[in-house]
Amino acid sequence: MILPMKKLTLLVLDSQKKAALKTLRNFGAVHIEKEAASSDTLTELQNTYARLQQAEALITESQPKKAEKTKTEPLTLNRNDLLQAVDEILELKDQESNTRAAINKLTGDIEAYSSWGDFDPEDIRSFEENSIYLTIGELPEKSYATLPETIKTVRLAGGKKTVRFAIVSETVDVPIDLPSDFNPLILPDMRLSAMHTEREQLQKQLPSFKAKIGARTELLAPLKVEAKKLAKEIEFETVHAGMEVIPLEEDTVAASGTDSSVTLAASGKAATAAVGSGNAANGTAAKEPIRLARLSGYILAEKQADFAGLAKANGWAFIADDPAEEDAVPTAMRHNRFVQLLTPLTDFLGTVPGYREPDISLWFLLFFGIFFAMIFGDAGYGGILVILSLIGIVKAKAKEQPAPLAMQMFLYLGVLTVIWGTATCNWFGISVDYIPAWLKNLSVPAISNATEESIRNANLMQFCFTLGLIQLTIGHIISIVRNIRSPQILGHVGSIAMLCGMYVVVLSLVVSAERYQINQPVMIAIGGGFALNFIFSNYQTGIGQSIVDSLKNIITMFLGVVNVFADIMSYIRLWAVGLAGSAISATVNQMAGPALGSFLIFLGVLLLFFGHGLNYIMNVLSVIVHGVRLNTLEFSNHVGLTWAGFKYEPFAE
């Protein structure tokens, strides 16, 4: 169930807001609406957190492979020592980056100067001591031939089209009458052979940086611990810096003896908060400027009384009201032990119903279990899942820990898969001819592999469509219960009528037109259901308003009939995907069979493990794609659930 919430507005003295937040965090029941916040402290914390994350990532990436790892004892470091170690890691990374940059520059220089040969640039610069200036460059052969006689050159080398030469002059200035296609040579810092030597040395150094970083694996545990602490500090400072400060200009604190109080106006309601001890002599009133800090959030309705006691004890002013329609209220859910099994799946998917949306967790879990079993469709596969789940649960119990919810959920899914696989007589895709008679007797003849294929498939398809009709009808019944006082329920009755009519249409088109005829009652159900849905589905203030709203969306309303047909048809995927998985299992067995009866038995066993393992993984993906979709899309659409919520996450230690 979705727990009722109260919207909370809290006022505390600005001078006491940090202490108030610590108390609030210890209380651990208020979901705070975080405001945009900035402060020097927050920036510093965020930068430190980023450095820790970067250092952890660098060590993880650089640590040696498992075979080369050596066990290191985790360190216990204070924050200063840990940050010093982080600086060392980041400094090594900077050195590595600088070394790579230097290697890249040398590589570029080597490519640029290799055609000029291994000359020493200092030899050329040494001519300047004797007032001889050399400008080295290259020109196309034709341009070089047109150089004026006033330019003295020394030809160094040349090809068919390009000439390399040096211009000799008595001044540092380059002649101004050089052709525009003259390409001067910028002298390097060192000779070509020295570049090669330095690059080789740098390349040898490069692995050492990664090795030094990877060797600091003992820092991983302290980094994780410190990062968690910093995340909490960042959360605290974000709330602290984001609290709105409200100055009260003409408030008077009445002081008499040791007790004083101030009446605060908040959101149109009066609230009283203690503001400390008075110290004015002779009971006279002392005027002081009062600054209040405001905080908004949400609290479970069942915790309101506890919070009121906390506020009274700390001298806070607060208002707790029912959330307004436009408020973005977090969703807090509480389930029994059975429905709680769904939590690992919804956490993995990140799906949360909106605060004002229905909680379909029970139905989601029930139908998801059925869908899972039908998609896997194999009692052997289900048995493997049961065994693995039991091993995980037993291991947890042996460590005196609670059984992981994920293992409990897998056990539930595995048991349902075994039941469905037994009913259909499907065991690792083994041909029904080789299955023991007692297992065949446990199967349900209408859907058993021992039954004629055409009859079995027709029955399975009908079962899928019937399952779809039941689930989608439950969706509208949930909506009827939620809107029992509104004529809008007639719109849902119409939708149920359309579902029933379209169910027969689907069976007629897919299963058997003779057994399921599209007769007058079917057309009345579809037409009458559409009429009811058209008139009442948008009901708010009256029938006229509802009809007008439906007319505004006339195309969507007509497409709704098609959607009903498509939603029921969508459930055939359970049969189709399950059939595909069974076919793959049977194919793997056929491929491995000949090898199992020969000297290639090892190859046959390997093929069985690989083939069935791959099929198992594909079935898992199919469940995520198809089994989850039927609940979060088709079923949810008929319930009116958009999964637009977000989790209730109280500000807590």
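Think of each chain on its own: its residues are numbered from 1, step by step along the sequence as written. In keeping with the model being predicted, local features are shown solely for residues with a pLDDT of at least 70 and side-chain atom pairs are shown and tallied solely at 80 or more, while totals for entire chains, interfaces and linings include all residues. Computation of side-chain values: all heavy atoms of the structure, hydrogens and water removed.

Notes on the pattern of salt bridges
Heads up, the condition is: Think of a salt bridge as a Lys or Arg side-chain nitrogen and an Asp or Glu carboxyl oxygen that are within 4 Å of each other. Numbering of helices and strands runs from the N terminus, with a helix taken as a DSSP run of H or I at least four residues long and a strand as a DSSP run of E at least two residues long. A simple rule labels every residue: compare its accessible area, found with a 1.4 Å probe on the protein chains alone, to the largest value its type can have, and call it buried under 20%, exposed over 50%, or partly exposed in between.
Taken as a whole and judged by the stated rule, the model has 26 salt bridges. In this structure, Glu235 and Lys34 form a salt bridge, with 3.9 Å as the shortest nitrogen-oxygen distance. Residue Glu235 is located in helix α7 (residues 220-242), and its partner Lys34 is located in the loop between β2 (30-32) and α2 (40-62); the two are separated by 201 residues in the primary sequence. Relative accessible area serves as the criterion here: at 19%, Glu235 is assigned to the buried category. The network of salt bridges with shared partners includes Asp14, Lys17 and Arg291.

As for the nonpolar core
As a rule of thumb, nonpolar side chains are buried together in soluble globular proteins. For the record, the criterion: Nonpolar cores were defined as sets of buried Ala, Val, Leu, Ile, Met, Phe, Trp, Tyr and Cys residues, with membership established by side-chain atoms within 4.5 Å. Two residues qualify as a contact provided that any one of their heavy atoms is within 4.5 Å of a heavy atom in the partner residue.
Grouped together as the largest cluster of nonpolar side chains are 63 residues, with contacts concentrated most on Ile360, Phe368, Phe465, Ile568 and Leu574. Leu574 has contacts with Phe371, Met374, Ile375, Cys464, Leu467 and Leu630, leaving out every residue within four places of it along the chain. Judged by nonpolar contacts, the second largest core, of 34 residues, contains Val86, Leu106, Leu202 and Phe209.

With respect to the environment of Ile59
With respect to the helices and strands, the residue Ile59 is situated in helix α2. For the pair Ile59 and Ile89, spaced 30 residues apart in sequence, the C-alpha separation works out to 8.1 Å. Excluding anything up to four places from it in sequence, Ile59 contacts Ile89, Ile213, Gly214, Arg216, Thr217, Leu219, Leu220 and Leu223.

What to know about unusual backbone geometry
The backbone of Cys425 sits at a positive phi, close to 60°, despite the residue not being glycine. Counting through the fold element by element, Cys425 comes out in the loop between α12 (405-424) and α13 (437-442). Classification of Cys425 by relative accessible area gives buried; the value is 1%. Of note in this structure, Phe428 is not a glycine but carries a positive phi near 55°. Following the sequence through the fold, Phe428 ends up in the loop between α12 and α13. Judged by its relative accessible area of 30%, Phe428 is partly exposed.

Regarding the packing of aromatic side chains
Put simply, the test is: Two rings from Phe, Tyr or Trp (for Trp, the six-membered ring) form a pair when their centres are within 6.5 Å of each other. A pair whose planes differ by under 30 degrees is stacked, one over 60 is edge-to-face, and the rest are tilted. For a ring to carry a charge above it, either NZ of a lysine or CZ of an arginine must fall within 6 Å of the ring centroid while also lying within 35 degrees of the normal to the ring plane.
The full count for this structure, using the stated rule, is 20 aromatic pairs. Aromatic pair Phe307 and Phe318: ring centres 5.1 Å apart, planes at 85°, arrangement edge-to-face. Of the two residues, Phe307 sits in helix α8 (residues 304-314) while Phe318 sits in strand β13 (residues 317-321), which places them eleven residues apart along the sequence. Given a relative accessible area of 1%, Phe307 falls into the buried group. On the basis of relative accessibility, which here comes to 23%, the residue Phe318 falls in the partly exposed class. Members of the aromatic cluster, connected to one another through ring pairs, are Phe364, Phe368, Phe372, Phe376, Tyr381, Phe428, Tyr616 and Trp643. Taking NZ or CZ as reference, Arg164 lies 5.2 Å from the ring centre of Trp116, over its face.

Section: empty space enclosed by the protein
The condition that has to hold: Site definitions follow a grid-based scheme: protein atoms alone, a 1 Å grid, a 1.4 Å probe that fits but cannot get out for cavities, and for pockets an open set with protein on both sides within 12 Å along at least five of seven lines, plus lining residues having an atom within 4 Å of a point. Grid points are joined across faces, edges and corners, and a volume is the space filled by probe spheres set on the points. Gly falls in the polar group here, along with every residue not listed as nonpolar (Ala, Val, Leu, Ile, Met, Phe, Trp, Tyr, Cys, Pro) or charged (Asp, Glu, Lys, Arg).
Tallying each qualifying case throughout the model produces two cavities of 30 Å³ or more. Estimates place the volume of the largest cavity at around 80 Å³. Lining the largest cavity are Ile32, Glu33, Lys34, Glu35, Val239, Gly242, Met243, Glu244, Arg294, Leu295 and Ser296. Among the secondary structure elements, those contributing two or more residues to the lining of the largest cavity are α7 and β12 (290-300). Class assignment of the residues belonging to the lining of the largest cavity gives a composition of four nonpolar, two polar and five charged.

Looking at the confidence of the model for the protein chain
Convention followed: For every residue, the predictor states its confidence as a pLDDT score lying anywhere from 0 to 100.
Chain-level pLDDT for the protein chain is 87 on average; 92% of the residues reach the 70-or-more range. Every residue in residues 251-286 scores below 50 in pLDDT, and together they form 59 contacts with partners more than four places removed in sequence or on other chains.

A look at the environment of Gly527
Tracing the chain through its elements places Gly527 in helix α16 (residues 520-536). Classification of Gly527 as partly exposed rests on a relative accessible area of 39%.

Focus: the side chain of Ser622
Tracing the backbone through its elements, the reader meets Ser622 in helix α20 (residues 601-639). Accessibility expressed as a relative area gives 16% for Ser622, which makes it buried. Look past the residues within four positions of Ser622 in its chain and what remains in contact with it is Ile375, Val577 and Gly627.

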